[in-house]
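# Close look at the chain arrangement
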Amino acid sequence: MTVEVFRAQSEQDREELFRFRYDVYVQEMGRYRRTADHRGQRLVEPEDANSILYGAREDGQAVGTSRLTLGTDGFSPRQIDQYGLGPFMAEVPARLMAVGERLMVAPHLRGWAVASQLRELAREDVEAGGVQLVFGNCEPHLLSMNLSAGGRTYAEHNINSEEAGYLIPLMFLDGDTDGLAAAIGSLDGDGRPCLPRSIEAALARGDTVRSASVMAPGEYWAHVETALERLEEQELHAFAGLDPAERKECVSRSNIIECAPGDRLLKEGGSSQNLFLVLEGTLEVRHRGRLMNVLGPGDVFGEMAFLLELPRQSDVYAATPGVRILSLSDGTLRKLMAEEPTLAAKLLLNISRMLCGRLIKANAAAGVGI
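Residues numbered from 1 in each chain as written. Predicted model: local features only at pLDDT ≥ 70, side-chain atom pairs only at ≥ 80, totals over all residues. Heavy atoms only, no water.

### Remarks on the overall build of the protein
Put simply, the rule reads: Per the convention used, a helix needs a DSSP run of H or I reaching at least four residues, while a strand needs a run of E reaching at least two, with both numbered from the N terminus. Throughout, radius of gyration means the C-alpha value; the globule benchmark is 2.2 Å times the number of residues raised to the power 0.38. Exposure classes here rest on a 1.4 Å probe applied to the protein chains alone. A residue is buried below 20% of its type maximum, exposed above 50%, and partly exposed in between. The criterion used for residue contact is that any of the two residues' heavy atoms lie within 4.5 Å. The accessible surface values rely on the Shrake-Rupley method and a 1.4 Å probe; as for residues, cover is taken only from the protein chains in view. In this tally, Asp and Glu contribute negative charge and Lys and Arg positive charge; neither His nor the terminal groups of the chain are included. Every charge is mapped to an atom, namely NZ of Lys, CZ of Arg, CG of Asp or CD of Glu.
Tallying secondary structure elements over the protein gives 12 helices and 17 strands in all. A compact globule built from 370 residues should have a C-alpha radius of gyration of about 21 Å, and the protein, at 22 Å, falls within 12% of that. Its C-alpha atoms give the protein principal-axis dimensions of roughly 65 × 60 × 40 Å. Here the protein, with 370 residues, has 48% of them falling under the buried criterion. Once local pairs closer than 6 in sequence are excluded, the contacts in the protein between residues at least 24 apart make up 72%. Working note: accessible area of the protein is about 17600 Å², and carbon and sulfur atoms make up 51% of it. Across the protein, the centroid of the 39 positively charged side chains sits 4 Å from that of the 53 negatively charged ones.

### Structural notes on a nonpolar patch on the surface
In plain terms, the rule: Excluding any residue in a salt bridge, patches collect residues exceeding 30% relative accessible area, merging like charges within 9 Å and nonpolar Val, Leu, Ile, Met, Phe, Trp and Tyr side chains within 5 Å. Throughout this description, the term salt bridge denotes a Lys or Arg side-chain nitrogen within 4 Å of a carboxyl oxygen of Asp or Glu.
Where nonpolar side chains cluster on the molecular surface, the patch consists of Met304, Leu307, Leu308 and Leu310 and spans about 360 Å² of accessible area. Following the sequence through the fold, Met304 ends up in helix 10 (residues 303-308).

### Digging into the sheet that holds strand 13 (residues 283-287)
Short version of the rule: Whether two strands pair comes down to DSSP finding at least two bridges between them. As a rule, the C-alpha atoms of each element are fitted with a line to give its axis, helices using only the stretch in contact, and angles between N-to-C directions run from 0 to 180 degrees.
On the basis of which strands lie adjacent, the open sheet formed by four strands has the order 11-16-13-14 and antiparallel pairing. In this open sheet, the two strands that pair with only one neighbour each are strand 11 (264-266) and strand 14 (290-295). Within this sheet the neighbouring strands show an average axis-to-axis angle of 30 degrees, counted without direction. Where strand 13 lies against strand 16 (residues 315-318), four bridges are found, and the strand directions are antiparallel. For Arg286, the partnering residue across the bridge sits in strand 16 and is Asp315.

### Considerations on the packing of aromatic side chains
Threshold: Each aromatic pair joins two rings of Phe, Tyr and Trp (for Trp, the six-membered one) with centres within 6.5 Å, and gets the label stacked for planes under 30 degrees apart, edge-to-face for over 60, and tilted for any other angle. Criterion for a charge above a ring: Lys NZ or Arg CZ within 6 Å of the ring centre, and within 35 degrees of the ring normal.
Within this structure, the stated rule accounts for five aromatic pairs. Look at Tyr25 and Tyr32: their rings are 5.5 Å apart centre to centre, the planes differ by 85 degrees, and that puts the pair in the edge-to-face class. On the accessibility criterion, Tyr32 (6% relative accessible area) is buried. On the numbers, 4.9 Å between centres and 15 degrees between planes, the contact of Phe276 with Phe301 is stacked. A residue pair is termed long-range when its members are at least 10 positions apart, and Phe276 in strand 12 (residues 275-280) and Phe301 in strand 15 (residues 300-301) qualify at 25 residues. The pair Phe276 / Phe301 is uniform in exposure class, with both members buried. Of the aromatic side chains, those joined through ring pairs into one cluster are Phe88, Phe135 and Tyr154. A cation over an aromatic ring shows up here: Arg57 above the ring of Phe6, its NZ or CZ 3.9 Å from the ring centre.

If you want it as structure tokens, here you go:
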């Protein structure tokens, strides 16, 4: 496999990437249908006019793309609103900030190095421009990867967009906090470099996401174990019958995400295949707007896409305040199936029993026997 990464220099390059975006975001994922150019099969956005576009080609065909908007070139109203940039822009010079987004790779190359190659190309422009702070986002199933790459969650609320889906805002520091403070030029009462309030608050915030990728293993496991203890009163849940060591194995590279009412966690037609376990709160499962099921603590969702390797079949919304879910990496679970088949069999048996219970309830509600 030979993949070439490049900066889009010509109009032909840009058009190639707009068509690739359309193939992935619109046709594969069912997103941006309202804004896409369906006649030309292109996905073009206002931010493209003043951003650097990156691409990847394999055998002359586009297989990846991303975009970097430098603060010196100006952020769009959508970017300012979606990433909550207002407080940062009031305290940090625009030349020190950037927004990186629309990173996408063709299905057959996901999990390979193409995404990293695109990031490295963008990083060259970040360093050349003296940028210290890069904002971005990711879907829940990519959270561990982005946190491992240095991203930090910072927002009070995650992004819940009808067009883009459910995204978690991230902030990347190009260097350490001392370098950032020096570059900004903000001083404390003693005349020493210090971070502006907006950045201090962002770095201190992290209650909406807890991750095995950034927390000490013991600390994260203690948090997960406390959450799972609340499920023990139930006769059946995903980890029923598993000892602590087995549970730890299952939750490696997992994340706990807190959601707000109305957040759409899964989008019908979505391509991600990770599983979710409800820890707290109530969620609604809807198919084409029709309420199909209500989920509570101990329930699993996303299992059909994982087991059948199909697109998501329903939308799932947080219905109450304080919803907390455990996002389980599909890659970790598939590795578990290959390397720890006995443990995987226990987990999958629990999930199968839960599916059967759900089917029995649905049939009973419809007056159908089994």
